[in-house]
Structure formats: structure tokens, C-alpha cells
Amino acid sequence: DDRDMEYLDIAIAKTEYLRVLSDAFFEVSYAEAKDEAIDIRNIDVARTLTALVLEQYEWIQESGIQAAFDIPESVVWVQSNEKVLNRIFTNFFSNARKYADTRISVCLQQDADGVSITFTNDIEADNEIDIDHVFDAFYRGNSRREEGAGLGLYVVKCLADKLGHVVSAEVKDKQFSVMLRIK
């Protein structure tokens, strides 16, 4: 009956949330592991990022989010680990998918000192973000959205530190930006 269906829907939603949480805790345990050496080699970060951008096409189209991507078509070499970079970029996209209000952008820039990859999304007018805590475990701001465990950017910070990269974030004019800097 209707009441049983309501309870079943609640149970399914709670089970899905527990799955997301257990996946997040597994990811955190990997990111926090200090003893595992990471294989660093030359990576074409433009190709890696472009491939991941293409994987995001479906949800971007379905959500109606406006997207802008500024990624060079030429090869951009960095010393890193492709698998770990993919995890970092995936978490950036996951964060944007959860919290972007109407638009996202991704920009890859190279200069004499290295490479910067910046993910920016607008945020809802009432979403206040404490920039000093965005990389803390379980931090989610005060968004009305229920999604996530607040571990995505924490994992990003742990992985960036493991790679020797620098990650930072800022909020300006209701635009949230997170940047990965690779020397």
C-alpha cells in the first residue's frame, strides 16, 4: 500500500546514503594513507582533463547548467599521477554538480612556474561558505542540498598534498573557485 511504499522509499534512500558514505570513507582511508608511494611521471594534464570533461557532458546537459571550458588543445606536461589527478578532478566535478546554481567553468593555464587548473561554479544566494573550512572533513557549508558527506574536498586536499601539489579555494561575488597548482 501507499504507506509501505513510503517506508520502502525511505529505506532505499537511506541505503543509498550509506553506500555513498562507505565509498567516501574508503576514499578517505586511501587519501590519508601515508605509507603508499605514488608513481610520479609525465602526464598530459590537458588530455586527462579533456577526457574527464567529456565524461561530464550528460549531467551538465540534463541539469541545464551553463558550462565553459578553457583547456588548451596542445599538450601540457606535468609531473604527477594520472589516476590520482583523475580522482581530484572527479571530486571537483562532483562538488560543482552538487553545489553549482546555474554555471560552472574549468580553466587550465600554464605559466613559467607551472600549471593551474581552476574549477569555478556559482552558488545559491543563501549558501554561505566558510572558506577556511572547505578542505575540512565533513564540511558542507549551509547549502539546502542534502547531497554528499562533506569529504570530497578533504580528499582532494589529502591527495594534492601526497602529490606535492597545492590546492586552494576562494569565494568572490557568489562564485566558488577551487584551484590546483602543479609546479
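Residues numbered from 1 in each chain as written. Predicted model: local features only at pLDDT ≥ 70, side-chain atom pairs only at ≥ 80, totals over all residues. Heavy atoms only, no water.

**Q** How would you explain the pattern of salt bridges if you had to name every residue and give the values?
**A** Under the defined criterion, the tally for this structure stands at five salt bridges. Notably, a salt bridge pairs Lys157 with Asp161, separated by 3.1 Å at the nearest N-O pair. Here Lys157 pairs with Asp161, and both are found in helix H5 (residues 152-163), just four residues apart, close to one helical turn. (Salt bridge = Lys/Arg side-chain N within 4 Å of Asp/Glu carboxyl O. Helix = DSSP H or I, 4+ residues; strand = E, 2+ residues; numbered from the N terminus.)

**Q** Talk me through the sheet that holds strand E4 (residues 103-111); I want residue IDs and the actual numbers.
**A** The five strands are arranged E2-E4-E5-E7-E6 in an open sheet whose pairing can be described as mixed. Taken across any chain shown, the strands that pair with only one partner, and hence form the sheet edges, are strand E2 (66-70) and strand E6 (166-172). The sheet shows a mean angle of 15 degrees between the axes of neighbouring strands, direction not considered. Pairing between E2 and E4: five bridges, direction parallel. Residue Phe69 lies in a different strand from E4, and its bridge partner there is Val106. (Pairing = 2+ DSSP bridges. Axes fitted to C-alpha atoms, helices over the stretch in contact; angles between N-to-C directions.)

**Q** Let's hear about the packing of aromatic side chains: which residues, and what values?
**A** A complete count under the given rule lists three aromatic pairs for this structure. Note on Phe93 and Phe119: the rings are 5.0 Å apart at their centroids and 85 degrees apart in plane angle, and the pair reads as edge-to-face. Taken together, the positions of Phe93 in helix H4 (residues 82-99) and Phe119 in strand E5 (residues 114-122) put the pair 26 residues apart, joining distant regions of the chain. We classify Phe93 as buried; its relative accessible area is 1%. According to the relative accessible area criterion, Phe119 is buried, its value standing at 5%. By the ring-pair criterion, three or more aromatic residues cluster together here, those being Phe89, Phe92, Phe93 and Phe119. (Phe/Tyr/Trp six-rings, centres within 6.5 Å; stacked < 30°, edge-to-face > 60°. Buried < 20%, exposed > 50% of the residue type's maximum accessible area, 1.4 Å probe, protein only.)

**Q** Can you tell me about the side chain of Asn121, naming the residues and giving the values?
**A** Residue position: Asn121 is located in strand E5. With a relative accessible area of 3%, Asn121 lands in the buried category. Not counting residues up to four positions away in its chain, the partners in contact with Asn121 are Ala96, Tyr99, Ala100, Arg103, Ile104, Lys174, Gln175 and Phe176. (Contact = heavy atoms within 4.5 Å.)

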